[in-house]
Structures are given as structure tokens and as C-alpha cells.
Amino acid sequence: MRITHSRGAPGFEIEVDDRLIEKSVMAALEGHPRHLENLREREDLYLLADCEERGRRFSLFYRRWFLELNLGSTVVSAIEERPSVLQRTSGCRILPALRSKNEGADLAGEAERPFLIILLRPEALVGGNRLRSFLRHELTHVEDMLDPAFGYRSEGWQTEEGPVCDNLIRERYRVLWDTSIDGRLLRRGWAPEDVLARRRAEFAGTFPMLGDEAESIFLEWFEGRLPTHRRMVEFARRPGARSPDSQHRGRCPLCRFPSFHLITKDKPGAARSPLQTHVIREVQRRFPDWKPSHGICRQCADLYEARELSRKALEAFPRA
């Protein structure tokens, strides 16, 4: 189903997938005063003998109910809030998402006039204010991607360390971008007050290597203006490099991933104690030439600490 949109963008159309229309209508009618009315209409349509005609009538039936229940209004108004998105895209498709983690907004098609793609679960279209907040966040992603000053590129994540390190950088990038977006939305009055605490906790968990500087650096991203794609990628790759007293040592001697805060026996890494004796023992089982003075990254320290705990748990089981 197409919804013609003309505010500031003549010819812009929003196309809603028929499967999403049907399922969102069914979700909206649960407990709705008009549920029985809808049910009786559906039962009459099932009586039609011609399969092709029955399918056509069902499609019209669900589209009419979708409009009567006003299920597309929140998406339309959220898009209307973004004149730059309307002017720089050629239209919009709203498609069904299988899970909440698949929901979001993106661009597809030609770079000069791409198509706006929005993925939503049927239940989300009944969400009202919750859906509006979600779309405001997602459409800011799209607005940034369309802004030449942001300089977005979808490629260039690959590192010499392989896919595990690539995914780590990509996750850091996501946290930086979400932090910046929600800071901007909060200043516009478009985000709930608790978003500051939620983003602060996520940032601290993603960048523990920043130590005592984490709060001030978080506020730089949260309170700052539009960052650039390049700046976020560089920070995601080397989050400790901007600190003048960063303990940069290149790479962890075990996993060979880039590390800015290596943990040693006498000197702790960010937000944790020095290496414990049992961790040193576990590491040397695998790497006999390794010495505590060489240090290891926080992820490796956690891994070898977990191995010691797993071994003790197995030893506690009675033997057959």
C-alpha cells in the first residue's frame, strides 16, 4: 500500500508491506472495541469461493482497517520531521522485521537519491510514543548518513587482526554514534531524561580502557555537535590514543589485538586489580615463555581467570 506524501517533497511515497499491514491490524485489534466487527467481516470474506477474488478482497480489507486504525500516522509524522531526509531520498518502504533487534532505518539503492528503508515489527506500529522515540533515533542515523559533512562510508572496517577485532571496532562505533545521537535528541527535547544515564553506562562498559577519563570523554561525545564518520572510526580503533598519559604498548602479547592498557602483576589496567597468581599460572600453561612483566589485555585476563574457575568447578564434581 502506498501513502502519497507531499509536504516539502512532491511525489515522495511511503510504501507499506502488505504482510506488515495485516499483522499490525491484528495486533492493534487485540482487546480493541472494534475487534468483533473486524472478526465478522473476515468471516464473510472466507465464504467467497473464488480464491483470487478472496485474496484481493482480503488485501483491501486489511488496508482499509490499517487506515481506519491510523497505524501509519506515527511513521509519517516522524518522517515529516526530517525535511532533509524527504528531500534527499526518493521514497520509503516500511517492511516487517522478525525480531526487535532487526528493527531500524537504513538506506538502499543509488547513492545520489537512495531509498529509505524502515524495518518494524507489527506490534511496533501500535506503539505510539515509544515508536516515535525509536524512529527519531533511527532517522537521525539516516540524516547523518545523508549529510556530506558527516562523510559516512559503509566499508573500511577490515583490520589485520581479523573478524573478531572488526566486530569489536564496529560495536564501539555503534556506541559512539548512539551516544552522539541521543545527546542531540535530548537537547531538542526528543529523548527521555533517562537516556543520559543509559548511554553513560553503555559507554563506560564499552570503553573500560579509558579509566578515570571515561566520564569526561563520554560528555564530549554526548554534548558535542555532529561528529564525522572518520573521527568515530579512528576513536573506535584507538580509544586510548587521545589521552596524553595513555599506557599505549601496541598489542597484547597473547591475542595480538591492539591494546592501550596492558595489565601486569604489579600495575593494574583500567578499572581492575593487578594480575592474580592463578591467572599468571593459567597463562603460562599455554605460553611458557610469557612473563607477568609482559602484560596482557583485559579480555585475555578475563579469559584465563575464567579457565581457572572452570577447572575448579570440574574438580568439584564426583568422579565415576
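Counting of residues starts from 1 at the beginning of each chain's written sequence and follows it residue by residue. Reporting in this predicted model follows two pLDDT cut-offs: at least 70 for local features of residues, and 80 or more for side-chain atom pairs to be given and counted; totals over whole chains, interfaces and linings ignore these cut-offs and use all residues. Water and hydrogen atoms play no part in the side-chain values, which are based on all heavy atoms of the structure.

Some details on the overall build of the chain
Along its length, the chain carries 12 helices and 5 strands. Relative to all contacts within the chain whose residues are 6 or more apart in sequence, the contacts with residues 24 or more apart total 62%. Shrake-Rupley sampling with a 1.4 Å probe provides the accessible areas, and residues are treated as covered by the protein chains on show and by no other component. Surface exposure of the chain reaches about 18,100 Å², of which carbon and sulfur atoms provide 51%. Helix and strand labels come from DSSP, where a helix needs a run of H or I of at least four residues and a strand needs a run of E of at least two; each type is numbered from the N terminus. The contact definition used throughout considers only heavy atoms, calling two residues in contact when any of these lie within 4.5 Å.

Regarding the state of the cysteines
To count as a disulfide, a pair of cysteine sulfur atoms needs to be within 2.5 Å. With the rule as written, the count across this model stands at 0 disulfides. The cysteine Cys-252 is free of any disulfide, with Cys-297 supplying the nearest cysteine sulfur at 3.8 Å.

Here we look at the pattern of salt bridges
Salt-bridge detection follows one rule: a side-chain nitrogen of Lys or Arg within 4 Å of a carboxyl oxygen of Asp or Glu. Counted by the stated rule, this structure contains 25 salt bridges. Between Glu-37 and Arg-34 there is a salt bridge, with the nearest N and O atoms lying 3.0 Å from each other. Three labels apply to residues, based on accessible area from a 1.4 Å probe with only protein chains included: buried if under 20% of the type maximum, exposed if over 50%, partly exposed otherwise in between. Glu-37 gets classed as partly exposed once you look at its relative accessible area, which sits at 31%. Residue Glu-41 pairs with Arg-64 through a salt bridge whose shortest N-O separation is 2.4 Å. Of the two residues, Glu-41 sits in helix H2 (residues 35-46) while Arg-64 sits in helix H3 (residues 51-68), which places them 23 residues apart along the sequence. Judged by relative accessible area, Arg-64 falls into the partly exposed class, the value being 35%. Because the salt bridges share partners, they merge into one network encompassing Glu-171, Arg-174, Asp-178, Asp-182, Arg-199 and Glu-202.

A closer look at the confidence of the model for the chain
Of the residues in the chain, 84% reach a pLDDT of 70 or more, and the chain-wide mean stands at 85. By mean pLDDT, strand S1 (residues 2-5) is the weakest element of the chain at 67, and strand S5 (residues 115-120) is the strongest at 97. pLDDT expresses, on a scale from 0 to 100, how confident the predictor is about each individual residue. The low-confidence segment residues 242-249, where pLDDT is below 50, has 19 contacts with residues more than four positions distant or belonging to other chains. Confidence drops under a pLDDT of 50 for residues 268-272, and excluding neighbours within four residues, the segment shows 13 contacts in the predicted structure.

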